[in-house]
Amino acid sequence: MENRLNHARLVSSLEKLGTIGIREDGKRYRLALSDGDKQARDLLCGWIKDAGLELKIDAIGNIFGLLPGTENGDPVIAGSHIDTVPNAGMFDGCVGVLSGLEALRTIAEKKLPHRRPLAVAAWTNEEGSRFLPGVLGSSVFVGDVTLEKALAARDFSGMTAGAELNRIGYAGTDTLKACAYLEFHVEQGPFLDAEKIEIGVVIGITGLSRWDVTYKGEANHAGTTPMNLRHDPLIAASKLHLAMSAAAAEKNAVFTIGHMEVAPGAVNVVPGTVFFTIDLRSQDRTVLDELHARCEAEIRRCAREVGVEVECVPTDHADPVSFAPRMIEKVERFANLRGLSNRRMGSGAGHDAQVFAPRVPTAMIFVPSIGGKSHCPEELSDMKLVCQGAEILTDCLLELANE
Ligand SMILES: [Zn+2]
């Protein structure tokens, strides 16, 4: 299949967007609804208008460029996000939005026939680095989160998303629905690059469970308290870590204690309190349910064994989602037609696509992240493959619009 898109224009758009939100120290901070995010939004809206697309903005600030089809109805949407984590790279999210834009620019210019309308979308606050929860704009779009709740979300300084949306001028009034959803993204993991495979055909997105756990024991003298008389909460946490790491490994799941505070925290004192976070993920719903129950039981068992008190608060849960087989097959077929090596894979990271998958036909396309690095300035993908991913996105958009 021949290439249809203007690859140079896609690359230059990505590079231009990548220059926005760079601080004086050279680091890229484009947190949702910040001044940097506003500048990026202004740039994107300008491009949408220049391409002759209808610019639409909804009440949570999601931005759309709409290209009408020969028939009315809900558009096929290609989307992702342009907000970033602190000290970010330039690929995460932006690749998907600008590839969708490039697809629509080309379809409009070349007047490629399509019955259904098409739209490119940039979803508000995907990252959740500033406002919780993440995937906020897409969740409001599909109705998972109410607009009121989303607008009331507060950042670390107490500012609400609603006030920030008004301040940057992106509280719109348009409404839209999707008939199908496509998201092209960088992998953000190591598998494709390690295996030298060009395209990831995403079959679904991992589910997760998170907890905050506090173990309370007895602080005491490190020299005079014999091992058998201790109630050391760090021992309980260590037992839990080993037990759940082994259980996760056995089921092809992942278990992480990523943050821990040990108090009082002195070299010569047996710890009195340990606070830590748990992040448990699996692509398989049955496995996640099983490990979720197992983890809650182990948290208590390890506390009992060591004789410490436990306080356990669930902080997040998302079921794994699977994409529709015919959508997965579509991405795979176009990757094969274009002669690109590909493999099916789950996504270990969350994406806006996860909120669409239970409702409308949804698919994701991955290209390799070099060295598996993401959410850091070293984030890098081969621009040639980014352009090939954008071609597959366009193939899928046109096919869906004409089905
Ligand atoms: Zn992303």
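Note that the structure is a prediction, hence the values are computed from the model and not measured.

Q: Requested: an account of the overall build of the chain, with residues and values cited.
A: A count of helices and strands for the chain gives 12 helices and 16 strands. A globule of 403 residues ought to have a C-alpha radius of gyration of about 22 Å, and the chain, at 23 Å, matches this closely. Taken over 403 residues, the chain has a buried fraction of 49%. For the chain, the proportion of contacts with a sequence separation of at least 24, taken over those separated by at least 6, is 77%.

Q: Lay out helix α9 (residues 285-306) with the relevant residues and their values.
A: Between its first and last C-alpha, α9 extends 32 Å over 22 residues, near the 32 Å set by a 1.5 Å rise per residue. Turning to α9, its buried residues are Leu 288, Leu 291, Cys 295, Ile 299, Cys 302, Ala 303 and Val 306. Summarising the axial view, the buried residues of α9 lie within an arc of 100°, below the 170-degree limit, and thus occupy one face. Exposed positions of α9 whose direction lies more than 90 degrees from the buried face are Thr 286, Ala 293, Ala 297, Arg 304 and Glu 305. The inward-facing, buried residues of α9 abut β7 (207-216), α8 (233-250), β12 (273-282) and β13 (309-318). Taken from the residues just after α9, Gly 307 is the one with a positive phi, measuring 75°.

Q: How would you explain the nonpolar core if you had to name every residue and give the values?
A: Residues Cys 94, Val 331, Ile 365, Leu 393, Cys 396 and Leu 397 are the most contacted members of the largest nonpolar core, which totals 88 residues. With 9 residues, the top contributor of residues to this core is helix α12 (residues 383-402). Setting aside residues up to four positions removed in sequence, Cys 396 forms contacts with Leu 182, Lys 330, Val 331, Phe 334 and Ala 363. Counting 24 residues, the second largest nonpolar core, distinct from the first, contains Tyr 215, Val 274, Leu 280 and Ile 299.

Q: Explain the domain arrangement of the chain residue by residue, including any values.
A: Assigned domains within the chain: domain 1 (7-206 + 320-402) and domain 2 (207-318). Placing the centre of domain 1 and that of domain 2 at their C-alpha centroids yields a distance of 36 Å. Taken residue by residue, the interface counts 6 residues in domain 1 and 9 residues in domain 2.

About the thresholds
Residues numbered from 1 in each chain as written. Predicted model: local features only at pLDDT ≥ 70, side-chain atom pairs only at ≥ 80, totals over all residues. Helix = DSSP H or I, 4+ residues; strand = E, 2+ residues; numbered from the N terminus. Rg over C-alpha atoms; globule rule 2.2 N^0.38 Å. Buried ≥ 20, exposed ≤ 12 C-beta atoms within 10 Å, placed from the backbone. Contact = placed C-beta atoms within 7 Å. Expected span 1.5 Å × (residues − 1). Arc of directions from axis to C-beta. Core = buried A, V, L, I, M, F, W, Y, C linked by C-beta atoms within 7 Å. Domains from an automatic or database assignment.

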